[in-house]
Amino acid sequence: MAAHLKKRVYEEFTKVVQIPHEDTPAKRLRLSKPSKSAALHIDLCKATSSTDALQYLLHFARRAVEAESVEGVIRILLEHYYKEADSSVRLKIASLIGHLSKTPGFRPDCIVEDTINTLKNEKSHQVLAQLLHSLLLIGSQLTDTPSVRLRLVQVSCQHLSDTYFGVRNNCLQLLGCVGLTSGATALDKDAPAIGGQKDVQSIISDYFGDQDPRVRTAALKAMLQLHSRGMTIQQDIYDQACRLLSDDYEQVRSASVQLVWVLSQLYPESIVPIPSSNEEIRLVDDAFGKISHMVSDGSWMVRVQAAKTLGDMLQVSPHFLEQTLDKKLMSDLRRKRTAHERAKELFASGEFSSGRKWADDAPKEKLDTNTVNLMASGACGAFVHGLEDEMFEVRIAAVEALCQLARSSASFAEKCLDFLVDMFNDEIEEVRLQSIHVLREISTHITLREDQLDTVLAVLEDSSRDIREALHELLCYTNVSTKECIQLALLELLKNLNKYPTDRNSVWKCLKFLGQRHPTLVLPLVPELLSTHPYFDTPEPDMDDPAYIAVLVLVFNAAQTCPTMPALFSDHTFRHYAYLRDSLSHLVPLLTLPGRKQPYSLETAGSVSASASVEAAHMFLQQSLLRVENIQNLEAAGAQDLLKLTIRDLQRVGELQTELAGAADFCATYLHCQLLLSQALQEKLWRTAVPLCLKQNNSATQAAQQMVAETFRLEFLYSRLESRQMAALHHVRLQARALQLLLSARTRNSLDSLSSSCDRFLMDIEHFQRMFVTELPHLKDTFVDKVLELRPRLSSCAPVEMVKLLQNTLRQSGLLLPTLPPQIQKATATIIEPTGESDNPLRFTSGLVVALDIDATLEHVQDPQNTVKVQVQYPDGQSHLIHPKPADFRRPGPTRHRLITQVYLSHSAWTEPCQISVRLLLAYSSTAPGGAESEGPQTDIEGTIPFSKPVKVFIMPKPTRR
């Protein structure tokens, strides 16, 4: 019995029955979502009045609708539309149809005819206008369907005769949006003239004379929309558009200005007659005169539009262009006749004036001042009127238009110079700043006279730092006519330096370019500037005086191309040159001084040009990377020494060649990460027990942390990285994560924490594979390639076994080198103020605040308003992070930004002055792997990267007096 029972138990509890996998039916789940259309239908059926229905529709409009449910919802809305008697509810339904048609993923061609059918029996003009607006939204998404567009054009033409302006407006907008732009002249001549290119334009142009100004505006905008869609507007519309320039409604005049400009660009060389005259001129000249007349319009918005448009008319004749700067139009609004023509006319008349008869030589014709010959009288002095306008927006638009026209015509630039210089005295700072920028852009065409330079230099007393620096930039690129101009400019710049000491670097830079551009004008001023005398020794000036340094910068830069100037220098001037050449090398050029030994520098090596040296440095950079690429095993003898030497060479190349500094620093930092990894994977560390090698274990942990920090620095501090380089960076970060996992497994006692670390690393692997799936073929025999091969085994094994596999894989993987980035740029920052050279402490009462001015130059920084931070570190270890305001950033160049801000400091009382450290940080945010695919939430990794040298500032908080 016992044996039988034992046998039965064995059979019942140890018998295994395998069911084939394909025989087990898969459980399929069907997720059903509540129908939006059904819910809307129920709500509308529950409505007992039009007010309730309107409330349900308003509530429904705030919900999101999926693309697959849009058609059903619109069917329900249209069904209720025909039942509804209240026009406000129908208006809301019409609005909802247009709103739903813009749902992403929904193509509204299935509801076009249903929406058009609602127009047939609609009596309310407002609802009709809203339905046409919904058709406009639908048609704007179906521009690739000619049949739908032709149908919409027919519908709009049928309702153009409506008495309500809103209906006509939407019909015209619909014509402008869906009017056919190709080959409409190929339509059958007997077919109705609807949808053709010429026909659509003629239909729209018929409403240029509509009684309602809003309809006239809509017609003009519809014609402009046809032009923007590629349709060629007919020249016949030009006369109609010109008549609308005198419309009573400002929106009509503004739109007609745009249409006249479009036609002047399409048919610039066409000849048009002048009213009340036998003369003919080019269409672009005629349009220029008519738009110039609009600069004196009664509406400031039209004046701004006209002034901006004038700047885009670059094909106008020079004599018409120059007339805009003179308020007197030729002679009595007529064309001037030559002396030969006047003599011929007198000879043909048969007699001369005897003086006996009163007014016998008076003109035979009566001149009507309202008739215009050659060009509109308003075109006379159009820019003069614009620059004297009461609205600063018009003055800015006129200044910008002058800039665009002057850049293409050197003669016009010389004539408008006086007008632009006068704008330097405008009462609005924005106008003054814009006029300075404009004069800077046309500086290659002009030379300033002494009176003009006097007006320009008066702006140096402006309290706005932006104005003063913009003027310094202008003087860098401006030519002056006489040596008195150089003397006047230097005197005013030294006054500026005395009044605003913070402008020191900007003034020095200005004088550098002023000396380079005018060496012959500086030469006769050298004895006076340096206070030299042919017979007497003069006292040696103080080298700490910024004004004296400014004079030397001017003289030394002029001496670069004037070989006779160094003969006028005194002995102490040569000593000062050697000092400034070392301390301010970016401002003082290398001079060939007679009888003096020149120190060796890259500039003295004349045998090698700059381009050749850059090419040689680039070749050396490539050879260094190729030498490192031959290292297959980082643990081999001499491999680490080779890495260290290569890193040193790359750093030196970056210091010598600024053009290759970004690429060299990037490669050096990347190789440093590989060096840290090889040092952390030394065999003696992993063969020793943990308690016996705590020091080595700590160094490996720090190496892994430093590798992660360096990869973030390489990713966010360098721009223009290609996908290949980004994959290499993330590969190094993955190796660092694996190293951190190995180190944590050696010191961690909890199995649960190790298991979570392993799961996190697998998520990192999946994230890498998704991000760089196209780069995986280029990662053969690397760490990530071997890990991806082992991923099925890593996912199923125990954490301890996974750690062993990762350790072997990490030590056996080869070195991955990225390709040399060709256009890489490194974000850098240079703090100009404070300089950190002053020994005088900044004193303030403890507990209160003191403002510290920060002036820094940023290079190649993406979105500095959101990423650049200022860090202030106090001697007691406290650190404050300050976010500058967006208004504190200027952009003087395409890749350069300027940060001018104030940092407020406060601290308790100190017994002696101490130094605080100020530097700039670059903030970054990176998304960690996670999400639905990885079964974990996504987290953002945020941090900061120092990218400027710290500056030390002495401060002294004084105790409060009681």
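Everything here concerns the structure above.
Everything in this summary refers to the structure shown in the same document. All values derive from a computational prediction rather than experimental measurement. (Residues numbered from 1 in each chain as written. Predicted model: local features only at pLDDT ≥ 70, side-chain atom pairs only at ≥ 80, totals over all residues. Heavy atoms only, no water.)

1. What to know about the overall build of the chain
Item 1. Each helix and strand in the chain was counted, giving 41 helices and 16 strands.
Item 2. Across the 962 residues in the chain, those meeting the buried criterion constitute 47%.
Item 3. Taking the contacts inside the chain whose residues are at least 6 apart along the sequence as the reference set, 72% of them involve residues at least 24 apart. (Helix = DSSP H or I, 4+ residues; strand = E, 2+ residues; numbered from the N terminus. Buried < 20%, exposed > 50% of the residue type's maximum accessible area, 1.4 Å probe, protein only. Contact = heavy atoms within 4.5 Å.)

2. A few points about the pattern of salt bridges
Item 1. On inspection of all chains with the given rule, the structure shows 38 salt bridges.
Item 2. Between Asp285 and Arg282 there is a salt bridge whose closest N-O contact spans 3.3 Å. When sorted by exposure, Asp285 lands in the same class as Arg282, which is buried.
Item 3. The partner of Glu710 in a salt bridge is Arg713, and the shortest N-O contact between them spans 3.6 Å. Within this pair, Glu710 and its partner Arg713 are both found in helix α35 (residues 694–717), separated by three residues, close to a single helical turn.
Item 4. Take Glu710: its relative accessible area is 16%, and that puts it in the buried class. (Salt bridge = Lys/Arg side-chain N within 4 Å of Asp/Glu carboxyl O.)

3. Things to note about the packing of helix α8 (residues 146–158) against helix α9 (residues 165–178)
Item 1. Where α8 meets α9, the closest approach of the two axes is 9 Å, and the angle between their N-to-C directions is 155°. As judged from the angle between their axes, α8 and α9 are roughly antiparallel. The two elements α8 and α9 meet at a crossing, and its hand is left-handed. Residues Arg149, Leu152, Val153, Ser156 and Cys157 of α8 lie in contact with α9, whose contacting residues are Cys171, Leu174, Leu175 and Val178.
Item 2. Of the residues belonging to the contact of α8 with α9, the class tally is seven nonpolar, one polar and one charged. (Axes fitted to C-alpha atoms, helices over the stretch in contact; angles between N-to-C directions. Parallel < 35°, antiparallel > 145°, perpendicular 65-115°, else oblique. Left-handed = near helix turned anticlockwise from the far one by under 90°. Nonpolar A, V, L, I, M, F, W, Y, C, P; charged D, E, K, R; others polar.)

4. Quick look at unusual backbone geometry
Item 1. Across the junction of Glu833 and Pro834, the peptide omega takes the value -5°, indicating a cis bond.
Item 2. Summarising the element assignment, Pro834 is placed in the loop between β7 (828–833) and β8 (842–845).
Item 3. Even without glycine at this site, Ser531 takes up a positive phi of about 55°.
Item 4. Checked against the element boundaries, Ser531 lands in the loop between α28 (526–530) and α29 (546–559).

5. Focus: empty space enclosed by the protein
Item 1. One pass over the full model with this rule turns up two cavities of 30 Å³ or more.
Item 2. For the second largest cavity, the calculated volume is near 40 Å³.
Item 3. Lining of the second largest cavity is provided by Leu625, Phe666, Cys667, Tyr670, Leu671, Leu817 and Pro818.
Item 4. It is helix α33 (residues 661–680) that contributes the most residues to the lining of the second largest cavity, four residues altogether.
Item 5. Here the residues of the lining of the second largest cavity sort into seven nonpolar, no polar and no charged. (1 Å grid on protein atoms, 1.4 Å probe; cavity = no way out; pocket = protein on both sides within 12 Å on 5 of 7 lines; lining within 4 Å. Points joined across faces, edges and corners; volume = space filled by probe spheres on them.)

6. A short note on the nonpolar core
Item 1. Membership of the largest hydrophobic core comes to 171 residues, with the highest contact counts inside it found for Ile204 and Leu259.
Item 2. Here this core takes eleven residues from α29, the largest share from any one element.
Item 3. Apart from the residues within four sequence positions on either side, Ile204 is in contact with Leu172, Leu175, Gly176, Ala219, Ala222, Met223 and Leu226.
Item 4. The next biggest cluster of nonpolar side chains, apart from the first, holds 98 residues, and it includes Leu714, Leu721, Val787 and Tyr874. (Core = buried A, V, L, I, M, F, W, Y, C linked by side-chain atoms within 4.5 Å.)

7. Quick word on the pairing of strand β16 (residues 951–958)
Item 1. For β8 and β16, the ladder comprises four bridges, and the chain directions are parallel. Looking across to β16, one finds that Phe844 is bridged to Pro957.
Item 2. The pairing of strand β14 (residues 914–927) with β16 spans five bridges and is classified as antiparallel. Paired with Gln915 across the strands is Phe954, a residue of β16. (Pairing = 2+ DSSP bridges.)

8. Remarks on the layout of surface pockets
Item 1. As a volume, the largest pocket reaches approximately 1900 Å³.
Item 2. For the largest pocket, the lining is made up of 49 residues, of which Asn505, Ser506, Lys509, Ile832 and Thr857 are closest to its centre.
Item 3. With eight residues, helix α24 (residues 465–476) is the largest single contributor of residues to the lining of the largest pocket.
Item 4. In terms of residue class, the lining of the largest pocket is made up of 19 nonpolar, twelve polar and 18 charged.

9. Some remarks on the packing of aromatic side chains
Item 1. This structure, assessed with the given rule, holds eleven aromatic pairs.
Item 2. The interplanar angle of 15° and the centroid separation of 4.9 Å between the aromatic rings of Phe716 and Tyr924 together place this pair among those described as stacked. Separated by 208 residues along the polypeptide, Phe716 in helix α35 and Tyr924 in strand β14 bring together distant segments of the chain.
Item 3. For Phe716, a relative accessible area of 27% gives the class partly exposed.
Item 4. A centroid spacing of 5.1 Å and a plane angle of 50° characterise the contact between Phe768 and Phe772, whose relative ring orientation is tilted.
Item 5. Chaining the aromatic ring pairs together yields one cluster made of Phe556, Phe569, Phe574 and Tyr577.
Item 6. Over the face of the ring belonging to Tyr500 we find Arg468, whose NZ or CZ atom lies 3.6 Å from the ring centre.
Item 7. Seen from the ring of Phe712, Arg733 lies directly overhead, with NZ or CZ sitting 3.9 Å from the centre. (Phe/Tyr/Trp six-rings, centres within 6.5 Å; stacked < 30°, edge-to-face > 60°. Lys NZ or Arg CZ within 6 Å of the ring centre and 35° of its normal.)

10. Structural notes on the state of the cysteines
Item 1. One pass over the full model with this rule turns up zero disulfides.
Item 2. Free of any disulfide, Cys416 has its nearest neighbouring cysteine sulfur in Cys403, separated by 8.9 Å.
Item 3. The exposure class of Cys416 is buried, given its relative accessible area of 0%.
Item 4. Cysteine Cys758 is unpaired, with the sulfur of Cys797 as its nearest cysteine sulfur at 7.8 Å.
Item 5. Note on Cys758: relative accessible area 3%, which makes it buried. (Disulfide = S-S within 2.5 Å.)

11. Details of the packing of helix α4 (residues 67–83) against helix α5 (residues 87–101)
Item 1. Packing of α4 against α5 leaves a shortest axis separation of 10 Å and a crossing angle of 160°. The angle between the axes of α4 and α5 places the two elements in the roughly antiparallel class. When the axes of α4 and α5 are compared, the crossing they make is left-handed. From α4, Val70, Val73, Ile74, Leu77, Leu78, His80 and Tyr81 reach across to α5, where they touch Val89, Arg90, Ile93, Leu96, Ile97 and Leu100.

12. Observations concerning the sheet that holds β7
Item 1. Spatially, the four strands line up as an open sheet ordered β7-β9-β13-β12, and their pairing is antiparallel. One side of each edge strand has no neighbouring strand; the edge strands of this open sheet are β7 and β12 (889–890).
Item 2. Examined bridge by bridge, β12 and strand β13 (residues 896–905) share two bridges and lie antiparallel to one another. Bridge pairing in β13 places Arg890 opposite Arg898.
Item 3. Sheet contacts for α24: β9 (850–859), β12 and β13; angle to β13, the most-contacted strand, approximately 145°.

13. What about helix α11 (residues 213–228)?
Item 1. Across its 16 residues, α11 extends 23 Å between first and last C-alpha, which sits within 8% of the 22 Å expected from 1.5 Å per residue.
Item 2. Burial in α11 covers these residues: Val215, Arg216, Thr217, Ala218, Ala219, Leu220, Ala222, Met223, Leu224 and Leu226.
Item 3. For α11, the N-terminal cap is Asp212; the gap from its side-chain oxygen to the backbone nitrogen of Arg214 is 2.9 Å.
Item 4. Taken from the residues just after α11, Gly230 is the one with a positive phi, measuring 105°. (Expected span 1.5 Å × (residues − 1). Polar contact = N/O pair within 3.5 Å; in protein donor to acceptor, adjacent residues only side chain to side chain.)

14. A short note on helix α36 (residues 723–747)
Item 1. Between its first and last C-alpha, α36 extends 36 Å over 25 residues, near the 36 Å set by a 1.5 Å rise per residue.
Item 2. Burial analysis of α36 places 18 of its 25 residues in the buried class, which makes it a mostly covered element.

15. Quick word on the side chain of Asp162
Item 1. Within the secondary structure layout, Asp162 lies in the loop between α8 and α9.
Item 2. Comment: no salt bridge for buried Asp162; closest opposite-charge side chain is Arg168, at 5.8 Å.
Item 3. Leaving out residues up to four positions away in the same chain, Asp162 has contacts with His125, Leu128, Val167 and Arg168. (Lys, Arg positive; Asp, Glu negative; His and termini not counted.)

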